[in-house]
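Coordinate analysis (summary)
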Amino acid sequence: MNDPAWAEGGGTGEGTRAVRAGLPEPVKHEPALPGPAFAAHFHLPGDPTGPYTYGRDENPTWTLLERAIGGLEAPGAEGAETLVFASGMAAVSAVLFSQMRAGDTVVLPSDGYQVLPLVRAQLEAYGVEVRTAPTGGDAQLEVLDGAKLLWIESPSNPGLDVCDVRRLVEAAHAGGALVAVDNTLATPLGQRPLALGADFAVASGTKQLTGHGDVLLGYVVGRDAAAMAAVRRWRKIVGAIPGPMEAWLAHRSIATLQLRVDRQNATALKVAEALREQPEVTGLRYPGLPDDPSHKIASQQMHRYGCVISFVLSSRAHADRFLDALRLVDDATSFGGVRSTAERRGRWGGDAVPEGFIRLSIGAEDPEDLVADVLRALRESAR
Ligand SMILES: *Cc1c(COP(=O)(O)O)cnc(C)c1O
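This structure is a prediction, so every number in the text was calculated from the model and none was measured.

1. Some points on the sheet that holds strand S11 (residues 341-344)
- Taken in spatial order, the five strands of this open sheet run S8-S9-S12-S11-S10, and their pairing is mixed. Two strands in the sheet have a free side with no partner beyond their single neighbour: strand S8 (282-285) and strand S10 (330-331).
- Looking at chain direction, strand S9 (residues 308-312) and strand S12 (residues 357-361) are connected through five bridges and run antiparallel. Bridged to valine 312 within S12 is phenylalanine 357.
- Against the sheet, helix H8 (residues 257-276) touches S8, S9 and S12, its axis set at about 15° to S9.

See below:
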């Protein structure tokens, strides 16, 4: 596409890029973002040549969305390829199960997304050796020996620890391992794993990327052609494809990505600063707080620190009273949406967190209103 002059005016160009991401060349009488192509199959006389043959393999609505995501995750990167999936887990599984064979070793984070233990059990059932170590302190370095793939989640969900991605990539590559980074929490405007040396950026687009809590989506961006061919084959075999409507909604949502992340992340910092002053709040984590244990490394590899805050209240009952008292924050799982949400993470089991652990996702409400709501709920729940 005819690249508008990103950042010609001296800014970062990120807002411009997000607004125009993946748009086709303008065509007279056509919409700027063509509507979803609802097609199980396409007209195909003669030899079955691509790109559009059957709806499980390719769809023009995905093509535009893949260009948009690729343009944000790996701007200007030659040879980077993007594939969209039905969900974040479809994307995560596509990388892990297409790259690993029986007898291979993979290193996962021990404090990552709560479905990873189920993935681990399935990998082990297929004869893959799985090792885990925490994200913080770059502890995965210690179990890398002989691994074929290193899986990083930074910042980790829900603990918000950060590892030095460049350092881990260097060690993994020295040992011949590929590196995938789960970029869900940061979004491509917060962190660009390929620029930090990783082979794959993988994410759930369900969270802040699309940001409205109404779409499930996943993606993989990679630059190794052979590895990406295997990921593409996996998508075809498993059929974990997004519907055209979801793909189109996601693309429309990306136009406002920079507006949303700037607003939500700035408010997250304000809420974190307010929480820091409250004696009943312990274990407060937000990588954007200058005194957070993650801040130093985060500031070296991230452009933005996300919209998720975590902290601990004295007990399960205390946390439940707090969640109940909130008026502007919905008690719901997931994160990254324009409407703030919070939950007591321990209710799921699986995460190694205290009973009173709260994950709070900051939305696009007025910052003053949110700070006031959170502080009022804390006052009312203290007993
Ligand atoms: C939500 C999430 C996933 C899974 O994404 P889905 O779209 O729910 O399948 C993977 N990784 C992280 C870090 C997540 O937060």
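2. Comments concerning the pairing of strand S1 (residues 81-85)
- Within S1, four of the five residues are buried, leaving the element largely enclosed by the surrounding structure.
- Here S1 runs beside strand S7 (residues 218-222); their pairing, made up of five bridges, is antiparallel. The partner of valine 84 across the bridge, within S7, is tyrosine 219.

3. Some thoughts on the nonpolar core
- Residues Leu275, Ile309, Phe311, Phe322 and Leu360 are the most contacted members of the largest nonpolar core, which totals 32 residues.
- Dropping the residues within four chain positions of it, phenylalanine 322 is found in contact with Phe311, Leu313, Ile358, Val374, Ala377, Leu378 and Ser381.
- By size, the runner-up hydrophobic cluster in this structure holds 27 residues, among which are Leu96, Met100, Leu123 and Ala227.

4. Notes on the packing of helix H3 (residues 88-99) against helix H4 (residues 116-125)
- Put simply, H3 and H4 touch, their axes get as near as 12 Å, and they point 30° apart. In terms of their interaxial angle, H3 and H4 are classed as roughly parallel. The element H3 and its partner H4 pack so that their crossing is right-handed. Contacts between H3 and H4 involve Met89, Val92, Leu96 and Phe97 from the former and Leu116, Val119, Gln122 and Leu123 from the latter.

5. Section: the site of the ligand
- Around the ligand, the surrounding shell holds 14 residues, and the nearest of these are Met89, Asp182, Ser204, Thr206 and Lys207.
- Between glycine 88 and the ligand, the recorded distance is 2.8 Å, taken from a backbone N or O atom to an oxygen atom.
- Methionine 89 is positioned with one of its backbone polar atoms (N or O) 2.8 Å from an oxygen atom of the ligand.
- For the ligand, whose unbound accessible area comes to 380 Å², protein coverage reaches 93%.

6. Looking at unusual backbone geometry
- Put simply, serine 154 and proline 155 share a cis peptide bond, and its omega is -5°.
- Tracing the backbone through its elements, the reader meets proline 155 in the loop between strand S4 (149-153) and helix H5 (165-174).
- Each neighbour pair has its own omega, and for asparagine 157 with proline 158 the value is 10°, a cis peptide bond.
- Here proline 158 lies in the loop between S4 and H5.
- Look at histidine 29: it is not a glycine, yet its phi comes out positive at around 75°.

7. Considering the sheet that holds strand S6 (residues 200-204)
- With mixed pairing, the seven strands of this open sheet are ordered in space as S1-S7-S6-S5-S4-S2-S3. Among the strands making up the open sheet, the edge pair consists of S1 and strand S3 (129-133). With direction set aside, neighbouring strand axes in the sheet form an average angle of 20°.
- Here S4 pairs with strand S5 (residues 178-182) via five bridges, running parallel. Bridge pairing in S5 places tryptophan 151 opposite alanine 180.

8. So, helix H6 (residues 225-238)
- The end-to-end C-alpha distance of H6, which contains 14 residues, comes to 20 Å, matching closely the 20 Å that a straight helix rising 1.5 Å per residue would cover.
- Regarding H6, the residues found buried are Ala227, Met228, Ala230, Val231 and Arg235. The arc that holds every buried residue of H6, seen down its axis, measures 155°, which confines them to one face. Along H6, the residues that are exposed and aim more than 90 degrees away from the buried face are Ala225, Ala226 and Ile237.
- Here the buried face of H6 lies against helix H2 (60-73), S1, H3, S6 and S7.
- The distance from a side-chain oxygen at the start of H6 to the backbone nitrogen of alanine 226 is 3.1 Å, and the residue carrying that oxygen is aspartate 224.
- Note on H6: the residue one or two positions beyond its end, glycine 239, has a positive phi of about 75°.

9. Description of the domain arrangement of the chain
- Here the domain parsing of the chain yields domain 1 (4-254) and domain 2 (262-381).
- Computed from C-alpha coordinates alone, the two centres of domain 1 and domain 2 are separated by 26 Å.
- Counting residues at the interface gives 27 residues for domain 1, matched by 31 residues for domain 2.
- For the pair domain 1 and domain 2, the interface holds two salt bridges.
- Aspartate 161 serves as the salt-bridge partner of arginine 285, at 3.0 Å between the closest nitrogen and oxygen.
- In the side of domain 1 that touches domain 2, the residues fall into 10 nonpolar, 11 polar and six charged.

Parameters at a glance
- Residues numbered from 1 in each chain as written.
- Predicted model: local features only at pLDDT ≥ 70, side-chain atom pairs only at ≥ 80, totals over all residues.
- Heavy atoms only, no water.
- Pairing = 2+ DSSP bridges.
- Helix = DSSP H or I, 4+ residues; strand = E, 2+ residues; numbered from the N terminus.
- Contact = heavy atoms within 4.5 Å.
- Axes fitted to C-alpha atoms, helices over the stretch in contact; angles between N-to-C directions.
- Buried < 20%, exposed > 50% of the residue type's maximum accessible area, 1.4 Å probe, protein only.
- Core = buried A, V, L, I, M, F, W, Y, C linked by side-chain atoms within 4.5 Å.
- Parallel < 35°, antiparallel > 145°, perpendicular 65-115°, else oblique.
- Left-handed = near helix turned anticlockwise from the far one by under 90°.
- Near = heavy atom within 4 Å.
- Polar contact = N/O pair within 3.5 Å; in protein donor to acceptor, adjacent residues only side chain to side chain.
- Areas by Shrake-Rupley, 256 points an atom, 1.4 Å probe, with all protein chains shown as cover.
- Expected span 1.5 Å × (residues − 1).
- Arc of directions from axis to C-beta.
- Domains from an automatic or database assignment.
- Salt bridge = Lys/Arg side-chain N within 4 Å of Asp/Glu carboxyl O.
- Nonpolar A, V, L, I, M, F, W, Y, C, P; charged D, E, K, R; others polar.

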